[in-house]
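This is what each chain is made of:
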Amino acid sequence: MSAQNSFTIDSEKSEKMPVDEIFQTLNTNKEGLTSAEAAKRIEICGPNSIEAKSESVFLKLLKFFWGPIPWMIEIAAVLSLLAKDVDDFIIITVLLIFNALIGFWEEHKASNALDALKKGLALKAKALRDGKWNEVDASNLVPGDVIRIRLGDVVPADAKLVGGNYISIDQAALTGESLPVNKKVGDIVYSGSIAKQGEMDAIVTATGGETFFGKTALLVARAGTISHFQKAVMHVGNFLIALSIVLCIILSSVVLYRDHIATNSIDLVAILKLTKLVLILAIASIPVAMPAVLSVTMALGALAMSKKKAIVSRLQVIEEMAGVDILCSDKTGTLTKNQLSLEKPVIFSAGNEAECILSAALASKEEDNDAIDLAIINGLEDKSVLENYKQTNFIPFDPVSKRTESTIILPDGKTARYTKGAPQVIIDMSAMSETESSKADKTVTSFAKRGYRTLGVAKSEDDGKSWIFLGIIPMFDPPRDDSAETITNAKIHGLKVKMVTGDDIAIAAETSKKLGLGAHIQAATDLFGDQSPDHLSARTAECIEKADGFGRVFPEHKYGIVKALQSRNHIVAMTGDGVNDAPALKQADAGIAVSGATDAARAAAALILTAPGLSVIIEAIEIARKIFERMASYTIYRIAMTIDIMFFVVLAMIFFPTLPGSDAAFQPLTAIMIILLALLDDIPIMTIAYDNTIVDPKPVRWNMTNILSTSTVLGIFAVVQTFGIFFIGINNNGKEFMGAVISPQHIQTMIFLQLVVGGHLMLFVARTKRLFFMPPFPGAPLFLAIIGTQIFAAAMCGFGLLVHKLPWQLIGAVWIYCLIWMFVLDAAKLITNRMLNFASKHQQVFLHRLNKHHGK
């Protein structure tokens, strides 16, 4: 028997073994393990996790030399060797290695950022160690640990149930069973299944790779779903690739026909050089860095969110958060402090107030750390009185039954049951006269109007056959200090906050008014009626859209609210904390598990909060909008640069095969220059993830028309700008200009420098919708990268490194020329944006009038 198996029992064997034999085999008992023993066992058994096979660093790096783009670069390198262009071969090889290293480094950085986030998502488990219940990392569980599994927990390891009344387990993901399975003492629960109801204790029988899940599941590392924004940007990338290929084919066809076929002079070396040039031109125009830019921007954004106590579990939620216009927020713990304080109970059949509170405390369980249970127990004058009572069974609160129940052995040896929960539920199950029932209803309503939550308390002395209503305990949960301010801030951000609570309408309305959310609160139970959440009427969806919030909400209502709002063309964020919130969290565009949420809710959510309150969500939305702006800026810049380089080179080579007054063939850019352009362009682009951006005051959505329009206008003006420097050069070819006699080689270098300087300065223009010299100013990494590449390019031209040497006065002239054009490009951008906004507003007015007309 291996060391791993010495403390592990196979799931099939453990199911057949009696509980006592399990304890004996695992050398433990119902008191659990000591910390020292657990430490020894984790050394032998390893952590309770399934380690995915890691790819070697060499293989990760190697894949960046394989694929369509690397193949094109590699072919260009081979063609350089065949044409005996050693300098070109060296530079092309540098480009190949540089692109591979950039891709590898950015993927590594993004991976590290995501690993940091995953650490924040580690599952917890409740284990009995050293005779006390403690919360431990699920990865630290070992066979022999005694654990407690509660409503909403993801079962952390294979385990045998050894104590408690019952538990309902959803194991559909493992066994395919469509309905939750009721389990009892002696049954096995599997790692990865979810507790839907009840609470039981269990002993861990297998961990990590030895669990049923670890042995049978196909461990495939799946990539996250690509978001709408990423898909759109990828479509742009594909468009640019197609555009580059078409223009390259046109260029190749025209040059081959003009220089070879029409003249009947086939020069293989010239054809090889043309093929190499066309390949390099395509490489320079294709957005090679796009996947790396997207992944690192999203990952670093997610890391920034985690520092604000919002952990991203699915990267695509960043785009959705940027576009969220309605936030459906839980009341308790998110809008309120979840710090309950007891008020004076209203007595019915209890002997006095102390008896009423004691009865509620007997229907509670301190070690479960439930906020209401702790408030009740802390409300006792002397907590030691509980030592006189023995709790033999406890059924925790769940959103369906809306109550807790316990079985208690009293000091005199008799047995009784106690329950506490939603007053209406407790009133309905108790034997009460019409007068008492009416009094109870009025009491609950009276407290609700003042913003108080209430608990009904009852007991049964005949094993649950009949219940005696003891009284009503009022509790107050004050709004968080920052809630009202945060809601005002949300409105400034164009966000509508709708409160969602299981509390009564009166409580919800009072809290809503205090927070400035509005008083139009709808009862979810009345609103939905018998309608299925999947098939709500248009009228119901409209009522949901107009409501300020919802009371008497059950988990299935949350799902319906999200669906209804989405049907009205809203992007919806929904908060949740319980296992039954999972469908709503999955359905929402941005499902948010609030601080203290169950494992099941965290698993369903795309954003997980580790701090209470609504302000965390607003900060996450701000970060998401900044990330969105960075990616939009990159897309505009990349399209404009591709148009500039491709159209200029293709048009110049077709219409200006020779310079005026010369018969010598002229090429506007050498192959080395085009490669250097691609290399120098990649450096500033990789720092755009660190740029400062303005937070859009309204939700942002991907607008392909605006992006393409702005980038096309910038691209066309950039082509005119490049032809401007070209014409200045050819008009002064062979003449003295600014103290230097201009040669064709000077013209090439001037064009190269203009494309580097003008292109990178255009990034300053594309990065903001305002004037480029207005705040927010560029982030330090972006600014330094752009200035650094400018200085490097100027030094190359000034000292003649890999390009023809250019006099410094001409370098200065090119710089001044590009700075002047920077203002021209900025004006073109502002006019385009203004025209697009004008057209958009008129379209909205037209659609509004059209809908109004059809409404009549």
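Definitions and limits used
- Residues numbered from 1 in each chain as written.
- Predicted model: local features only at pLDDT ≥ 70, side-chain atom pairs only at ≥ 80, totals over all residues.
- Heavy atoms only, no water.
- Helix = DSSP H or I, 4+ residues; strand = E, 2+ residues; numbered from the N terminus.
- Contact = heavy atoms within 4.5 Å.
- Areas by Shrake-Rupley, 256 points an atom, 1.4 Å probe, with all protein chains shown as cover.
- Salt bridge = Lys/Arg side-chain N within 4 Å of Asp/Glu carboxyl O.
- Buried < 20%, exposed > 50% of the residue type's maximum accessible area, 1.4 Å probe, protein only.
- Pairing = 2+ DSSP bridges.
- pLDDT = per-residue confidence, 0-100.
- Expected span 1.5 Å × (residues − 1).
- Patch = residues over 30% accessible without salt bridge, like charges linked within 9 Å, V, L, I, M, F, W, Y side chains within 5 Å.
- Phe/Tyr/Trp six-rings, centres within 6.5 Å; stacked < 30°, edge-to-face > 60°.
- Core = buried A, V, L, I, M, F, W, Y, C linked by side-chain atoms within 4.5 Å.
- Axes fitted to C-alpha atoms, helices over the stretch in contact; angles between N-to-C directions.

**Focus: the overall build of the protein chain**
Next, step 1: Helix and strand counts for the protein chain stand at 29 helices and 24 strands.
Next, step 2: By sequence separation, contacts in the protein chain at least 24 residues apart represent 72% of the contacts at least 6 residues apart.
Next, step 3: Summed over all atoms, the accessible surface of the protein chain reaches about 38,300 Å², with 59% contributed by carbon and sulfur.

**Here's the deal with the pattern of salt bridges**
Next, step 1: Enumeration over the complete set of coordinates arrives at 33 salt bridges.
Next, step 2: D826 is the partner of K829 in a salt bridge, and the nearest nitrogen-oxygen pair spans 2.8 Å. A residue pair is termed a helical-turn pair when its members lie 3 or 4 positions apart in one helix, as K829 and D826 do in helix α29 (residues 808-855) at three residues.
Next, step 3: The buried category is assigned to K829, whose relative accessible area is 3%.
Next, step 4: By sharing partners, the salt bridges in this structure join R148, R150, E199, D201, K365 and E367 into a single network.

**Re the pairing of strand β15 (residues 453-460)**
Next, step 1: Burial runs high along β15: eight of the eight residues are buried.
Next, step 2: The alternating pattern of β15 places R453, L455, V457 and K459 and T454, G456, A458 and S460 on opposite faces, both of which are buried.
Next, step 3: Bridging between strand β14 (residues 415-421) and β15 involves five bridges; their strand directions are antiparallel. Residue R417 lies in a different strand from β15, and its bridge partner there is S460.
Next, step 4: Bridge count between β15 and strand β16 (residues 468-476): seven bridges; the pairing is antiparallel. For G456, the partnering residue across the bridge sits in β16 and is I472.

**Thoughts on the confidence of the model for the protein chain**
As a general rule, the predicted coordinates of low-pLDDT regions are not to be interpreted in detail.
Next, step 1: On average, residues of the protein chain score 84 in pLDDT, and 89% of them reach the 70 mark or higher.
Next, step 2: Considering each helix and strand of the protein chain separately, the mean pLDDT is smallest for helix α7 (residues 172-175), with a value of 61, and largest for β14, with 97.
Next, step 3: This stretch, residues 1-5, has a pLDDT under 50; its non-local contacts, to residues over four places away or in other chains, come to seven contacts.
Next, step 4: Between residues 216-225, whose pLDDT stays under 50, and residues either more than four places distant or in other chains, the model counts four contacts.

**Describing helix α24 (residues 615-655)**
Next, step 1: When the terminal C-alpha atoms of α24 are compared, their 60 Å separation across 41 residues agrees well with the 60 Å that a helix rising 1.5 Å per residue should span.
Next, step 2: Burial within α24 is extensive, with 34 of its 41 residues counted as buried.

**Observations regarding a nonpolar patch on the surface**
Next, step 1: Among the surface-exposed residues, F717, I816, I820 and V824 lie close enough to one another that they form a single nonpolar patch of about 340 Å² accessible area.
Next, step 2: Among the secondary structure elements, I820 is positioned in helix α29.

**A word on the packing of aromatic side chains**
Next, step 1: Counted under the stated rule, the structure contains 17 aromatic pairs.
Next, step 2: Measuring from centroid to centroid gives 6.1 Å for F666 and F726, while their planes differ by 20°, and the two rings are stacked. Within this pair, whereas F666 is found in the loop between α24 and α25 (671-685), its partner F726 is found in helix α26 (residues 704-731), the two being separated by 60 residues in sequence. A single burial state applies to F666 and to F726, both of which are buried.
Next, step 3: Pairing F764 with F783 gives two aromatic rings, centres 6.1 Å apart and planes at 40°, and the pair type is tilted. Residue F764 is located in helix α27 (residues 744-766), and its partner F783 is located in helix α28 (residues 780-799); the two are separated by 19 residues in the primary sequence.

**Digging into the nonpolar core**
Next, step 1: Residues M305, M321, L607, L669, F726 and F752 are the most contacted members of the largest nonpolar core, which totals 147 residues.
Next, step 2: Looking at this core element by element, the count peaks at 26 residues for α24.

**Considerations on the environment of D682**
Next, step 1: Take D682: it is sitting in helix α25.
Next, step 2: In this structure the C-alpha to C-alpha distance between D682 and V293, which are 389 residues apart in sequence, comes to 9.7 Å.

**A short note on the sheet that holds strand β18 (residues 521-523)**
Next, step 1: Read from one edge to the other, the open sheet built from eight strands follows the order β8-β22-β21-β20-β9-β17-β19-β18, with strand pairing classed as mixed. Every other strand in the sheet has two partners, leaving β8 (310-312) and β18 as the edge strands with one partner each. Strand-to-strand twist in this sheet, taken as the mean axis angle between neighbours without regard to direction, amounts to 20°.
Next, step 2: Of the strand pairs in this sheet, strand β20 (residues 572-576) and strand β21 (residues 590-593) are connected by four bridges, and their pairing is parallel. Bridging from a neighbouring strand, G576 pairs with A593 of β21.
Next, step 3: Each of β17 (496-500), β18 and β19 (549-551) touches helix α18 (residues 505-515); the most contacted strand, β18, lies at about 165° to it.

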